[in-house]
Amino acid sequence: MTDTAKRTSRPPRVLVTKIGLDGHDRGSRIVAAYLRDAGMEVIYTAPWQKIEAVVKLAVEEDVDVIGVSSLATDHLLLPDLMAALGAAGLGHVRVVAGGIIPDGDEAELLRAGVNRVFHPGSPREDIVATVSHLAAQARATCANG
Amino acid sequence: MSEQPVQLPLPGFESARAEWRQDYDGRIDRDGSLRNRSGIEIKPLYTCEDWAEERYMEDLGFPGQLPMTRGIYPSMHRGRTWTQRQLVGFGTPEDYNQRLKTILAAGGTAGSLIPCNSVYRGYDCDEVELPLLGTCGAVVNTVDDMDLCYRDIGIGELSTAVNDPLPFTLLALLLAVAKRRDVSWSRITGTSNQSDYISHFVANHMFFRIALPGSRRVLVDHVAFCQEHLPGWNPISVVGQHMQQGGATPAEAMALTLCTAIQYAEDCRTRGMDPDVFLPRFTFFFDISISFFEEIAKLRAGRRLWQRIVRERFGAKNPKAWRFKFHAQTSGVDLTRQQPLNNIARVAVQAVAGIFGGLQSLHTDAYDEVLSVPTEEAARIAIATQNILREEAHLTDVIDPLAGSYYLETLTNQMEQEIEATIARIDAAGGMFAAVEAGLPQDMIGKSARVFQEKVDSGQETIVGVNKYREAEEPTTAPRPLERPDQSAMEAHLARFRAFKAERSQAAVTAALDTLARAANAAPGTPGQNVYEKVVEAATAGATHGEICACLRRELGFGQPLVMP
Amino acid sequence: MTDRSAAAAGADAGGKLLERLLDGEPAALAKAITVIENAGARAAQVLAGIQSRLGHALVVGVTGPPGAGKSTLVSALVGELRRRGKSLGILAVDPSSPLSGGAILGDRIRMAEHACDPEVFVRSLASRGHVGGLSSAAARVVDLMDAAGKDVVIVETVGAGQSDVEVAQLADVTVVVCAPGLGDEIQAIKAGILEIADVLVVNKADLPNAERTVAQLEGMLSLRDPGTATVPVIATTATEGHGVAELSDAVEGRAETLGGSARAGKRLERIRQDIADSAAELLRRQLNDSDDDGLRALCRSVQRGELDPEGAARRYLADYMGNKA
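Residues numbered from 1 in each chain as written. Chains lettered and ligands numbered in written order. Predicted model: local features only at pLDDT ≥ 70, side-chain atom pairs only at ≥ 80, totals over all residues. Heavy atoms only, no water.

Caption draft 1: The arrangement of the overall build of chain A in detail. Counting its secondary structure elements, chain A contains 6 helices and 5 strands. Listing the helices and strands of chain A from first to last along the sequence gives α-β-α-β-α-β-α-β-α-β-α. For chain A, the C-alpha radius of gyration of 14 Å lies close to 15 Å, the compact-globule estimate for 145 residues. Its C-alpha atoms give chain A principal-axis dimensions of roughly 35 × 35 × 25 Å. When burial is assessed residue by residue, chain A has 68% of its 145 residues classed as buried. Intrachain contacts of chain A at a sequence separation of at least 6 include 74% that bridge at least 24 residues. Surface summary for chain A: the accessible area is close to 4,400 Å², and the carbon and sulfur share equals 56%. Each charge class in chain A can be summarised by its mean position, and for the 15 positive and 18 negative side chains these summaries are 5 Å apart. (Helix = DSSP H or I, 4+ residues; strand = E, 2+ residues; numbered from the N terminus. Rg over C-alpha atoms; globule rule 2.2 N^0.38 Å. Buried < 20%, exposed > 50% of the residue type's maximum accessible area, 1.4 Å probe, protein only. Contact = heavy atoms within 4.5 Å. Areas by Shrake-Rupley, 256 points an atom, 1.4 Å probe, with all protein chains shown as cover. Lys, Arg positive; Asp, Glu negative; His and termini not counted. Charge placed at Lys NZ, Arg CZ, Asp CG, Glu CD.)

Caption draft 2: Geometry of the sheet that holds strand 8 (residues 233–235) of chain C. Residue and element names in this part refer to chain C. Pairing is parallel in the open sheet, where 7 strands are placed in the order 4-2-5-1-6-7-8. Of all the strands in the sheet, the pair left with one neighbour each is strand 4 (120–126) and strand 8. In this sheet, adjacent strand axes meet at a mean angle of 20 degrees when their direction is disregarded. Alignment of strand 7 (residues 199–202) against strand 8, held across 3 bridges, turns out to be parallel. Each residue of the ladder has a partner; that of V202, found in strand 8, is A235. (Pairing = 2+ DSSP bridges. Axes fitted to C-alpha atoms, helices over the stretch in contact; angles between N-to-C directions.)

Caption draft 3: How the structure looks around the domain arrangement of chain C. Residue and element names in this part refer to chain C. Structurally, chain C comprises domain 1 (12–52) and domain 2 (54–259). The interface of domain 1 with domain 2 comprises 17 residues on the first partner and 15 residues on the second. Summing both partners gives a buried area of about 1,500 Å² for domain 1 against domain 2, and 68% of it is carried by carbon and sulfur. A per-residue breakdown of the area domain 1 buries against domain 2 is headed by L29, I33 and E37, which together make up 42% of the total. At the boundary of domain 1 and domain 2, one finds 1 salt bridge. At the boundary of domain 1 with domain 2, the tally comes to 4 residue pairs in polar contact (both at pLDDT 80 or more). Of all the elements in the fold, those that place two or more residues in the side of domain 1 that touches domain 2 are helix 1 (3–22), helix 2 (26–37) and helix 3 (43–50). Among the elements that take part in the side of domain 1 that touches domain 2, helix 2 stands out by supplying 8 residues, more than any other. Grouping the constituent residues of the side of domain 1 that touches domain 2 by class yields 11 nonpolar, 5 polar and 1 charged. (Domains from an automatic or database assignment. Buried area = accessible area lost by both parts, 1.4 Å probe. Salt bridge = Lys/Arg side-chain N within 4 Å of Asp/Glu carboxyl O. Polar contact = N/O pair within 3.5 Å; in protein donor to acceptor, adjacent residues only side chain to side chain. Nonpolar A, V, L, I, M, F, W, Y, C, P; charged D, E, K, R; others polar.)

Caption draft 4: Layout of the interface of chain B and chain A. Contacts between chain B and chain A engage 41 residues on the former and 36 residues on the latter. Of the roughly 3,300 Å² buried at the junction of chain B and chain A (both faces included), carbon and sulfur atoms supply 58%. Of all residues in chain B, the largest losses of buried area upon contact with chain A belong to L132, R337 and R450 of chain B, amounting jointly to 19% of the total for that side. The interface formed by chain B and chain A holds 5 salt bridges in total. One can count 12 residue pairs in polar contact (both at pLDDT 80 or more) joining chain B with chain A. Counting only elements with at least two residues in the side of chain B that touches chain A, the list comes to helix 5 (117–120), helix 10 (241–246) and helix 18 (440–458) of chain B. Looking at the side of chain B that touches chain A, the element that brings in the most residues is helix 18 of chain B, giving 8 residues.

Caption draft 5: Quick look at the sheet that holds strand 8 (residues 236–239) of chain B. A sheet is described by the order of its strands in space; here 5 strands give the open sequence 3-11-10-9-8 (chain B), paired in parallel fashion. Of all the strands in the sheet, just strand 3 (83–84) and strand 8 of chain B have a single pairing partner and so form its edges.

Caption draft 6: Summary view of helix 9 (residues 244–289) of chain C. The terminal C-alpha atoms of helix 9 of chain C, which comprises 46 residues, lie only 50 Å apart, well short of the 68 Å expected from a rise of 1.5 Å per residue. At G259 of chain C, helix 9 of chain C shows its largest bend, some 85 degrees. (Expected span 1.5 Å × (residues − 1). Bend = angle between axes of the 7 residues up to and from the residue.)

Caption draft 7: Fine view of the confidence of the model for chain C. Here chain C averages 83 in pLDDT, and 86% of its residues register 70 or above. A low-confidence stretch, residues 6–14 of chain C stays under pLDDT 50, and its non-local contacts, those more than four residues away or across chains, total 12 contacts. (pLDDT = per-residue confidence, 0-100.)

Caption draft 8: Fine view of the side chain of E252 of chain B. Residue and element names in this part refer to chain B. By the element assignment, E252 lies in helix 11 (residues 250–270). With no salt bridge to any partner, buried E252 finds its closest opposite charge in R425, at an N-O distance of 5.9 Å. In this structure E252 touches M444 and S448, once residues within four positions along its chain are discounted.

Caption draft 9: A look at the pattern of salt bridges. Counting across every chain of the model gives 67 salt bridges over all chains. Of the charged contacts, one joins E295 of chain B and K298 of chain B as a salt bridge, the two residues approaching to 2.8 Å between their closest N and O atoms. On the criterion of helical spacing, the pair formed by E295 of chain B and K298 of chain B is a turn pair, its members being 3 residues apart in helix 13 (residues 292–314). For the residue pair E295 of chain B and K298 of chain B, the accessibility class agrees, reading buried in each case. Note that D291 of chain C is salt-bridged to R296 of chain C, the shortest N-O span being 2.8 Å. Taking the relative accessible area as the measure of exposure, D291 of chain C reaches 65% and is therefore exposed. Judged by its relative accessible area of 37%, R296 of chain C falls in the partly exposed class. In this structure, a network of salt bridges that share partners links the residues R13, E41, K56, E60 and E61 of chain A together with E37, R108 and R123 of chain C.

Caption draft 10: The packing of aromatic side chains, seen in detail. All names here are of chain B. By the definition in use, this model includes 21 aromatic pairs over all chains. Where F282 meets W306, the ring centres are 6.3 Å apart and the plane angle is 20 degrees; that geometry is what we call stacked. Taken as a pair, F282 in strand 9 (residues 282–288) and W306 in helix 13 lie far apart in primary sequence, 24 residues in all. The exposure classification of F282 matches that of W306, with both residues buried. In textbook terms, an aromatic cluster arises when at least three aromatic residues are bridged by ring pairs, as seen for F278, F282, F284, F286, W306, F324 and F326. Seen from the ring of F433, R216 lies directly overhead, with NZ or CZ sitting 4.0 Å from the centre. Sitting over the ring of Y123, R553 keeps its end group 5.3 Å from the ring centre. (Phe/Tyr/Trp six-rings, centres within 6.5 Å; stacked < 30°, edge-to-face > 60°. Lys NZ or Arg CZ within 6 Å of the ring centre and 35° of its normal.)

Caption draft 11: Broad picture of the side chain of Q360 of chain B. Residue and element names in this part refer to chain B. For Q360, the position within the fold is in the loop between helix 14 (342–356) and strand 11 (361–363). Assessed through its relative accessible area of 15%, Q360 is described here as buried. One polar contact links the side chain of Q360 to the main-chain carbonyl oxygen of G358, over a distance of 3.1 Å.

Caption draft 12: Seen up close, the packing of helix 9 (residues 212–229) of chain B against helix 11 of chain B. All names here are of chain B. Viewed as axis vectors pointing N to C, helix 9 and helix 11 meet at an angle of 70 degrees, and their least axial separation amounts to 10 Å. Classed by the angle they form, the pair helix 9 and helix 11 counts as roughly perpendicular. Facing helix 9, whose interface residues are R216, L219, V220 and V223, helix 11 presents Q263, Y264, D267 and C268. Here the contact of helix 9 with helix 11 is composed, by residue class, of 5 nonpolar, 1 polar and 2 charged. (Parallel < 35°, antiparallel > 145°, perpendicular 65-115°, else oblique.)

Caption draft 13: Focus on unusual backbone geometry. Residue and element names in this part refer to chain B. Each neighbour pair has its own omega, and for L66 with P67 the value is 5 degrees, a cis peptide bond. On the secondary structure map, P67 appears in the loop between helix 2 (56–60) and helix 3 (76–79). Cis geometry is adopted by the peptide bond preceding P167, which originates at L166 and carries an omega value of 10 degrees. A positive phi angle, near 55 degrees, is found at F168, a position not held by glycine. By secondary structure assignment, the location of F168 is in the loop between strand 5 (159–162) and helix 7 (169–181). Of note in this structure, D182 is not a glycine but carries a positive phi near 60 degrees.

Caption draft 14: Spotlight on the environment of S192 of chain B. Residues and elements named next belong to chain B. Structurally, S192 is set in strand 6 (residues 189–192). Remark: the alpha-carbon pair of S192 and N163, spanning 29 residues in sequence, is separated by 6.5 Å. Excluding residues that lie within four positions of it along the chain, S192 makes contacts with V162, F168, L171, H222, W233, N234, P235, I236 and S237.

Next up, the structure:
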């Protein structure tokens, strides 16, 4: 088992998904495999999830982190997702986004509560370390809240 | 003062080779083994031992002649340059109209209509989240929308690639506009660019609208309809691009594309159509990665394989059926967000590979695609790149100029073998339709994507600015938000859409959709029950894109692609 | 963190989790599963608290070889049971990677149709090293779903040897799914799955060899001892929904035949199995962590060929545990 998995009492649980209209999944497949190989449990969905479906899924699977892949313009829906997660009492769940997300939109996403935006070429170690760190944060917040 | 010239006897081949090998090995301290993306081992040197003149007629022949390696036309680019086809689509139909006019003015010779992702998914503008509308393509749902797209542009004079999956509602809307403008359908030319539902099921899920068996049926109906009514239209474009973008190696992408084409040809033949009539209308669409020689070899090998496939498997006698016509697009996957101006160099190299590979039509990516939807300046540079390669660099002066290169000919033959091996795997799985239902190509592609990514992660494959030659302060272009369509214009468009629906003849639309549903439930091939003919009739009667898609999804099943983790 | 979630988390800490779980609150059910899965401090409290509320749900196990279309079939079955007014819990079990311990849990891909239905609760479970084995962890999760008031709980596993049998042990009704045209599958079924099946499904019945596969299975069933319960063989095309109503009838019918007391008996048997599994796991850990001279001596005895491992185990239990094994 890797260090990532050993540090926490159970493997981080991460939802890897896509919202909106686009269906390109090369990136999300690769990231899901990265996270699995780092000892995490990845819940993987088909693209085009409705926001309410992502919220329901996050509740039922008790995930620590949600990773949203966006290669077209679907990142524009992320502020709505953040609001819906908050309303459902999932404020502790950390959210990262990755894919083709214009620089100029990044600040807006971070303001909406997205914890991190990854761009093409983001190193594997960075993705794994960030998700692992955010998962630990999510658990701590949830336990202390 | 003049030296006495040194006269040496010409060495023998064997001894010269041995000497070179020794010198070479002395200089190479690392393991010199290299493999290209398709897994073929690349030697440091190729000679007449690898490929010799005796093979000329068997491997190459002459342009426009079998085995087609050197190109499908006798004159190739010397006679007629490739078509410069840039993708356009953004915002409302008016926005599209403006951009198309700009591109035509800048030297573009054909249109390529990119609809909004909401259209790709089969929905009308009132069925999706407003913030997404028109952000990556034009919102086109009705015959009025299509009319606006081509305002002041003669649809009979322009070759149009319509990027629209089956049931091809946008072509249906275009035909409705032709009727309205009294333009004969025989003058409508272009391609159904996204007719390859198998590639959508496998690799571009957004485009997959109708369940597999229904898709299979509608495509054959579309081919039959075009054969009868649209002599200038290419109803089938088999797309290798999606699979290569999804991670397939160049050899896999070519093999899976050929397997898909074989499947479609078999389906058409089963319907009773004549291969010598429908095969000349088959076109292909490939991705060109930056793996320069490999891409050239891929395209040449594909051309050689296709003529053999159509002759051996389909008994095609018509020389036009032997032609492997293809559009190519430079690969967006190779472009980097880091140091984005480097992408201009990448696109140029990719484009050269495509040109030397003998393409018929080319799209060059804008360097900033990886940052956002391209800016107009970046789109202009993309077109300029093509103009420079053609007119300044004189790449078109000689046909298939790299032919006879020991390396390229060897590589072309090796790629051909690699492609054939994959075709044999798919044949063994019962053909492409059965293979994709079982997930075999999806699995291959997923694995190849990971293998390549691992090479990048480990630094085995260099990506400048990403895993090598990084710069601490990226002198990137200024941060730019996504260009978003004018919200008030989009809201006005929505209002116009609602008004269109309110004002049309509801009875005519209902009747047309009922007729469509009946045709969908009739046995394939039933006379008078061609589904695509009914799609065109429905569009003409005022049915919207979303209504037609919804009707067929109801009758033939909603398209759920095989998503694999 | 929002006020609401802070309040919810605070309530958890105060021991309200059980109450909310019994009320059927999805977030509480999800948290309780996490607690059980991790064998956390509150696990014992939660498990004790639900015991009096068990036995309502019909537990259906669905297993079969990869590629048989299990997930699509489960989704179709869920659709049919929803039309019959049932609320559902679904537990999808996938293997963990033996190398990293991580897992990709992709069973929800085929559940898109129910993605927003509040009466369908789906949880993915990785088969990571659970105390007492997978069957025990899965059984406890099933109990939680039962306690939360689900009418039907479906457990889906990839049919690969042991997990099939484990599913059968915890399910009231075990459905074994196969697809036509794969010779190996029939072999696998011959090899043992047949004994655990209460209902056999030949999915992808639109494929050419479907009828032959149905006939083969019926042939095999006819060779069993007379008096064994009848096992229906049902042909389905999950993608089209064909045969799914028939499957639902068979599942519900089987539950009725079984009756309440048989199910209660099965539960007791399962609890015994749970205890046995947990004991085995505890013992294994104890031995693995042990620095005991006696154990070392036993190891050497086995190495010298004086004892076989089982003999050594018996002696260890007799000497150190006071066990009459």
